[in-house]
Each structure stands twice: as structure tokens, then as C-alpha cells.
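# Examining the three-dimensional arrangement
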Amino acid sequence: ETGVTQSPTHLIKTRGQQVTLRCSSQSGHNTVSWYQQALGQGPQFIFQYYREEENGRGNFPPRFSGLQFPNYSSELNVNALELDDSALYLCASSPSRDRGRDTQYFGPGTRLTVL
Amino acid sequence: GENVEQHPSTLSVQEGDSAVIKCTYSDSASNYFPWYKQELGKGPQLIIDIRSNVGEKKDQRIAVTLNKTAKHFSLHITETQPEDSAVYFCAASIGAAGNKLTFGGGTRVLVKP
């Protein structure tokens, strides 16, 4: 186990709704990254937070937003849910964003289903 | 942006045999290459990683090789066991200020007893 926890485990929403997913990073880790994994595919980078600031963003629309808190836990918010947002959402934490200390450790994920 | 291709998509081996998964990447600036194992219903688990200043790295039955000139890297699992059955993902990143991992499409490995 990596020590990265995510909640909830599963979530069902309807199109147009909003959702908030939560992640607690491993102790001592100040960097959190979020990924979206569609069924049968590899994870895709959404964004990364370092010390409460966004530190890079993938090719996702602005309705995907995030926060990182002083204790380095993080939230992923998705507004105006679409059917294609159905996926496993993964959080990964790393000790730092500095090269050599940036290895990412993943949590178990949150399975989001949009109906 | 970076593009990572992974082959094969499925791999079936007999217990005790070796398994090899290959990945190619497009961005020559990439310098960090981790491999993850994902079991059903779980998040990806890091099994080994390699940085660009090293050509090969080994950890017990698992080894990774990197050819920066050809922009490809491979995972080698020797003496496979049924518990090695899972989906394996390669990834690449530039790793300048923080890692944005670009993943391959995954390889489903089945080890038959």
C-alpha cells in the first residue's frame, strides 16, 4: 500500500451535475497529481499541485478544477458532468516536484459513473 | 506533446517463462521512465523506474532497459509467476519541475500455471 487514500470509492452522478473527489497524500509528500483513466486505457494527466498551487495541466477543459490544502491533501472538482467523464480518477502523490524526488505513488482511485 | 506507444497489448506466458514489454516515446527531452502494475480494482503500483542517465536497472526478477538514441525502453520479467498476472503500464516524463506522466496503452499479462 502507498499510503495515498481517495474518497469516495465509487460515485454515480447524472449528466450536468457537479462532483468533488478527495485525496490524502502520503505522509511527507507535498505534490499531488490527478489522472483520468478510461476503461481499457492508460491514465491521462489532468493537473498537478505543488504547495497549494497548480504546477502543470493536461489537455482538460476548465470545468476540471482542483485545490490543494495546507496539509497537502487535494480535491478534484468537475462541473457540468458529461457521459465521457465516466472513468477511474486517480490521485498520485510524490515527495517533491524536484527531479529525483518526484516519483509518483498512486491511490486506489475513485470510480465515477455519469448517467 | 509526448506520445508513448506500448506493445504488445496482451501477452500470455507459461509460468516460469520470461515476459518482455516494449515502449517507444516521441519526445527526446523525456528523462524519466517508470513502470506500473495495475491489478483489477486497484490503482497503479510502481514496480521499477529508470532515469535517463542509466541504461539498465534490475530489481530481483524485474529489469528495465533504456535506449535513448532509439527512444525506446523495455520491461523484462523473468521466472514469471501467476501473481505477475496484471495490466502493466509504461510511462515517460520530462520531469523538469514536477512529473507529468504520459502513459502507454497498457499490456495485459496472463501467466498460465
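Residues numbered from 1 in each chain as written. Chains lettered and ligands numbered in written order. Predicted model: local features only at pLDDT ≥ 70, side-chain atom pairs only at ≥ 80, totals over all residues. Heavy atoms only, no water.

### A short note on the overall build of chain A
Secondary structure summary: chain A contains zero helices and 11 strands in total. Compactness check: chain A gives a C-alpha radius of gyration of 13 Å against a globular reference of 13 Å for 115 residues, within 12% of the reference. Here the C-alpha coordinates of chain A stretch approximately 40 × 30 × 25 Å along the principal axes. Relative to its full complement of 115 residues, chain A shows a buried share of 50%. Residue pairs in contact within chain A that sit at least 24 positions apart in sequence constitute 54% of those at least 6 positions apart. When the accessible area of chain A is evaluated, it comes to approximately 5500 Å², of which 46% is carbon and sulfur surface. One finds the centroid of the 10 positive side-chain charges in chain A at a distance of 1 Å from the centroid of its 10 negative side-chain charges. (Helix = DSSP H or I, 4+ residues; strand = E, 2+ residues; numbered from the N terminus. Rg over C-alpha atoms; globule rule 2.2 N^0.38 Å. Buried < 20%, exposed > 50% of the residue type's maximum accessible area, 1.4 Å probe, protein only. Contact = heavy atoms within 4.5 Å. Areas by Shrake-Rupley, 256 points an atom, 1.4 Å probe, with all protein chains shown as cover. Lys, Arg positive; Asp, Glu negative; His and termini not counted. Charge placed at Lys NZ, Arg CZ, Asp CG, Glu CD.)

### Overview of the packing of aromatic side chains
This model, assessed by the stated rule, comprises 13 aromatic pairs over all chains. Centroid distance Tyr35(A) to Phe103(B): 5.7 Å. Interplanar angle 90 degrees. Geometry classified as edge-to-face. You can see Tyr35(A) sitting in strand E4 (residues 31-37) and its partner Phe103(B) sitting in strand E10 (residues 102-103), one on each of two chains. Of the two residues examined, Tyr35(A) and Phe103(B), each falls in the buried class. Consider the rings of Phe47(A) and Tyr49(A), whose centres lie 5.4 Å apart with planes at 85 degrees: the pair is edge-to-face. Through a chain of ring-to-ring contacts, three or more aromatic side chains come together here, namely Tyr35(A), Phe45(A), Phe106(A), Tyr36(B), Phe89(B) and Phe103(B). (Phe/Tyr/Trp six-rings, centres within 6.5 Å; stacked < 30°, edge-to-face > 60°.)

### So, the pattern of salt bridges
Residue and element names in this part refer to chain A. As enumerated under the stated definition, the model contains nine salt bridges over all chains in all. Arg63 is paired through a salt bridge with Asp85; the nearest N and O atoms lie 2.8 Å apart. With Arg63 in the loop between strand E6 (53-57) and strand E7 (64-68) and Asp85 in the loop between strand E8 (74-78) and strand E9 (87-94), this pair connects stretches of sequence that are 22 residues apart. For Arg63, a relative accessible area of 17% corresponds to the buried category. (Salt bridge = Lys/Arg side-chain N within 4 Å of Asp/Glu carboxyl O.)

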